[in-house]
Amino acid sequence: MRRPLRTALAVPALAAVLAATGCAGSRWAGSPGASGSGIEGRTTVDGGCPVIRVHSPCPDRPLSARLTITGGDPERTVAETTSGADGHFRVSLPPGTYTVHPVNLTGAVAPIAQPTNVRVTGGRFTTVVISFDSGIR
């Protein structure tokens, strides 16, 4: 059984690659050769406006969130990362089908987001937007 790789325990060269690709702080079971594919995207939260009017839009805002990515058979955690303050994240993964489980960083009930299924194909990053619901609308 393969265990998720902890970047803090990785060889310095791998840690440098992770930092250069914006994946520092992530951990995953993929190999460095898997860096040509994976999942990238943004985490956002609705503007929290109780009523949205045409003349007064209430745009989504970036949200930093913890993302746990599961996959395989049996399903297990293959990666964990935190999106940045701008909501962006990028995780290298080999081709396959994964589920992204988002959690807000405060531990509060809201904002909340549902798990998102993602299919990763070889040689590219699949882009997803994970939308959190503030619970106000």
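The rules behind the values
- Residues numbered from 1 in each chain as written.
- Predicted model: local features only at pLDDT ≥ 70, side-chain atom pairs only at ≥ 80, totals over all residues.
- Heavy atoms only, no water.
- pLDDT = per-residue confidence, 0-100.
- Contact = heavy atoms within 4.5 Å.
- Pairing = 2+ DSSP bridges.
- Helix = DSSP H or I, 4+ residues; strand = E, 2+ residues; numbered from the N terminus.
- Phe/Tyr/Trp six-rings, centres within 6.5 Å; stacked < 30°, edge-to-face > 60°.
- Lys NZ or Arg CZ within 6 Å of the ring centre and 35° of its normal.
- Polar contact = N/O pair within 3.5 Å; in protein donor to acceptor, adjacent residues only side chain to side chain.
- Buried < 20%, exposed > 50% of the residue type's maximum accessible area, 1.4 Å probe, protein only.
- Salt bridge = Lys/Arg side-chain N within 4 Å of Asp/Glu carboxyl O.

### So, the confidence of the model for the chain
Alright, step 1. A residue-level look at the chain finds 71% of positions with pLDDT of 70 or above and a mean pLDDT of 79.
Alright, step 2. For the stretch residues 1-34, pLDDT sits under 50, and the model shows 43 contacts to residues farther than four places along the chain or on other chains.

### Some points on the pairing of strand 8 (residues 96-104)
Alright, step 1. As judged from the seven bridges shared by strand 5 (residues 65-71) and strand 8, these two strands associate in the antiparallel manner. For Leu67, the partnering residue across the bridge sits in strand 8 and is Pro102.
Alright, step 2. In the sheet, strand 8 pairs with strand 9 (residues 116-120) via five bridges, with the strands oriented antiparallel. Looking across to strand 9, one finds that Thr99 is bridged to Asn117.

### As for the packing of aromatic side chains
Alright, step 1. As enumerated under the stated definition, the model contains zero aromatic pairs in all.
Alright, step 2. In this structure, Arg90 packs its charged tip against the face of Phe125, placed 3.5 Å from the ring centre.

### Observations regarding the side chain of Thr70
Alright, step 1. In this fold, Thr70 is placed in strand 5.
Alright, step 2. Within the structure, the side chain of Thr70 is placed 2.6 Å from the side chain of Glu75, a separation counted as a polar contact.
Alright, step 3. Not counting residues up to four positions away in its chain, the partners in contact with Thr70 are Glu75, Arg76, Thr77, Val78, Thr97, Tyr98, Thr99 and His101.

### Points about the pairing of strand 5
Alright, step 1. Here strand 5 lies mainly inside the structure; six of its seven residues are buried.
Alright, step 2. In this sheet, strand 6 (residues 76-82) lies alongside strand 5 in antiparallel orientation, the contact comprising six bridges. Paired with Thr70 across the strands is Thr77, a residue of strand 6.

### Some remarks on the pattern of salt bridges
Alright, step 1. Tallying each qualifying case throughout the model produces one salt bridge.
Alright, step 2. The partner of Arg90 in a salt bridge is Glu40, and the shortest N-O contact between them spans 2.5 Å. Highlighted residues: Arg90 in strand 7 (residues 88-92) and Glu40 in strand 3 (residues 38-45), separated in sequence by 50 residues.
Alright, step 3. Overall, Arg90 belongs to the partly exposed group, its relative accessible area being 31%.
Alright, step 4. The exposure class assigned to Glu40 is partly exposed, which follows from its relative accessible area of 23%.

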